[in-house]
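Analysis of the macromolecular model
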Amino acid sequence: MVDRLLQAPSQYWMLITMWIRSSMAYPLSFVLMLFGSMVLTVMDFVAIVLMFSHVSSFGGFSLAEMALLYATASMTLGIADLFTGSIEQVGQRIRTGAFDAYLIRPVPSFLQAAADGFALRRIGRPVQATTVLVVALTRLDVDWTVARGMMLVVSMIAGSVIFGAIFVLGAAFQFISTDSAELANSFTYGGQTMTQYPLAIFGQQIVRAVTFVVPIAFVNYYPVLYVLGKPAPLGLPSWIGLLSPLVAVLMVALAALAWRGGLRRYRSTGS
């Protein structure tokens, strides 16, 4: 078991390298798709900027603070989508029987499903988010400390892991309902859209749901509140953002159990 875990990074890298070489075989096409990806994602932030041409704050956040919220939400989803987004196609492979090939190769089926069809153009979202993040950090009036700086970095890693775990949970559910990719998208891409805005603008029931049921509030909202020194909603402690890494670990454990359960349930189309 330990040997398989140690081999996993090299096996995953081998698989995605194959797809990267394939995409780079047509460099102009790759550049155009990358540019298109960046343009599509930046439109969300343009909408925020236009909104602030009419208001000075939104949900208690200034434009620079909203930019930080947007950048961290887009960054975390972008990284998760880049490395695990392909796994959402597992339902199609189950329907066609192509998933059988994953089970007979000397590489874990999870790595194959996550790397299959690896699209380097998805790097456009995190690149665009990085640009917004740099601009936001230069305009924020924050009393930076080591704890706040570390929280910002660690939360983006933990947030990417949380989104990645949600991708896997959605894929695992497709072993039961093979045509449910859009359901998972409502929690990943839909979750990113929600977390780029202050959750205070939503009802308390929604805030409770994204805190205690599907914990996407720990992706970036609570960590950003900690960095900005803002109070947490629902009467929660201001340091709740520090729990983001713990939530990520719990989500990974849940996703691993769900994936293993899905594999045990899987029956080939020929059986």
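All figures in this text were calculated on a predicted structure; none of them were measured in a lab.

1. Some remarks on helix α3 (residues 63-84)
For α3, with 22 residues, the first-to-last C-alpha span of 31 Å sits near the 32 Å given by 1.5 Å per residue. Most of α3 sits inside the fold, with 19 of its 22 residues counted as buried.

2. Structural notes on unusual backbone geometry
What you tend to see is this: most non-glycine residues have negative phi, and most peptide bonds are trans. Its identity is not glycine, yet Leu234 carries a phi of approximately 65 degrees, on the positive side. Looking at where Leu234 falls in the secondary structure, it is placed in the loop between α11 (221-228) and α12 (244-265). With a relative accessible area of 27%, Leu234 lands in the partly exposed category.

3. Regarding the confidence of the model for the protein
Any segment with low pLDDT has predicted coordinates that should not be analysed in fine detail. When pLDDT is averaged along the protein, the result is 86; 94% of the residues meet or exceed 70. Looking across the protein, the model is least confident in helix α1 (residues 2-23), with a mean pLDDT of 72, and most confident in α11, with 94.

4. Overview of a nonpolar patch on the surface
Nonpolar side chains collect at one region of the surface, where Phe35, Val39, Met43, Val46 and Leu50 lie side by side and expose about 450 Å² of accessible area between them. Mapped onto the secondary structure, Phe35 falls in helix α2 (residues 27-51).

5. Some thoughts on helix α7 (residues 124-139)
Counted at 1.5 Å a residue, the expected span for α7 with its 16 residues is 22 Å, and the 23 Å between its end C-alpha atoms agrees. Here α7 has its buried residues at Gly124, Arg125, Pro126, Gln128, Ala129, Val132, Leu133 and Ala136.

6. As for the packing of α3 against α7
Packing of α3 against α7 brings their axes to within 8 Å, and their N-to-C directions diverge by 155 degrees. In terms of axis orientation, α3 runs roughly antiparallel to α7. The interaxial crossing formed by α3 with α7 has left-handed handedness. Contacts between α3 and α7 involve Ala64, Ala67, Leu68, Tyr70, Ala71, Ser74, Met75, Leu77, Gly78 and Ile79 from the first element and Arg125, Pro126, Gln128, Ala129, Thr130, Val132, Leu133, Ala136, Leu137 and Arg139 from the second. Across the contact of α3 with α7, the residue classes break down as 14 nonpolar, 4 polar and 2 charged.

7. Quick word on the packing of aromatic side chains
Each aromatic ring pair is summarised here by two numbers: the centre-to-centre distance and the angle between the ring planes. The tally for this structure, following the rule as stated, stands at 13 aromatic pairs. Each ring, one from Phe175 and one from Trp259, has its centre 5.4 Å from the other, and the planes form 75 degrees; the classification is edge-to-face. Pair noted here: Phe175 is in the loop between α8 (146-173) and α9 (181-195) and Trp259 is in helix α12, with a separation of 84 residues, a long-range link. Just as Phe175 is buried, Trp259 falls in that class too. Considering the side-chain rings of Phe218 and Tyr222, the 5.1 Å spacing of their centres and the 65 degrees angle between planes classify their relative orientation as edge-to-face. When its relative accessible area of 5% is taken as the criterion, Phe218 is described as buried. Positioned above the aromatic ring of Phe61 is the side chain of Lys230, whose terminal nitrogen or guanidinium carbon lies 5.1 Å from the ring centre.

8. Comments concerning the pattern of salt bridges
Tallied over the entire structure, the rule returns 3 salt bridges. A salt bridge links Glu65 to Lys230; the nearest nitrogen and oxygen atoms lie 3.4 Å apart. In this pair, Glu65 sits in helix α3 while Lys230 sits in the loop between α11 and α12, placing the two residues 165 residues apart along the sequence.

9. So, the packing of α3 against α8
At a minimum axis distance of 8 Å, the contact between α3 and α8 shows a crossing angle of 50 degrees. Taken together, α3 and α8 sit at an angle that is classed as oblique. Considering how the two elements wind past one another, α3 and α8 form a crossing that is right-handed. Here α3 contributes Leu68, Thr72, Ala73, Met75, Thr76, Leu77, Ile79, Ala80, Asp81 and Thr84 to the contact with α8, which in turn contributes Leu152, Ser155, Met156, Gly159, Ser160, Phe163, Gly164 and Phe167. Looking at the contact of α3 with α8 residue by residue, the classes come out as 10 nonpolar, 7 polar and 1 charged.

How each quantity is defined
Residues numbered from 1 in each chain as written. Predicted model: local features only at pLDDT ≥ 70, side-chain atom pairs only at ≥ 80, totals over all residues. Heavy atoms only, no water. Helix = DSSP H or I, 4+ residues; strand = E, 2+ residues; numbered from the N terminus. Expected span 1.5 Å × (residues − 1). Buried < 20%, exposed > 50% of the residue type's maximum accessible area, 1.4 Å probe, protein only. pLDDT = per-residue confidence, 0-100. Patch = residues over 30% accessible without salt bridge, like charges linked within 9 Å, V, L, I, M, F, W, Y side chains within 5 Å. Areas by Shrake-Rupley, 256 points an atom, 1.4 Å probe, with all protein chains shown as cover. Salt bridge = Lys/Arg side-chain N within 4 Å of Asp/Glu carboxyl O. Axes fitted to C-alpha atoms, helices over the stretch in contact; angles between N-to-C directions. Parallel < 35°, antiparallel > 145°, perpendicular 65-115°, else oblique. Left-handed = near helix turned anticlockwise from the far one by under 90°. Contact = heavy atoms within 4.5 Å. Nonpolar A, V, L, I, M, F, W, Y, C, P; charged D, E, K, R; others polar. Phe/Tyr/Trp six-rings, centres within 6.5 Å; stacked < 30°, edge-to-face > 60°. Lys NZ or Arg CZ within 6 Å of the ring centre and 35° of its normal.

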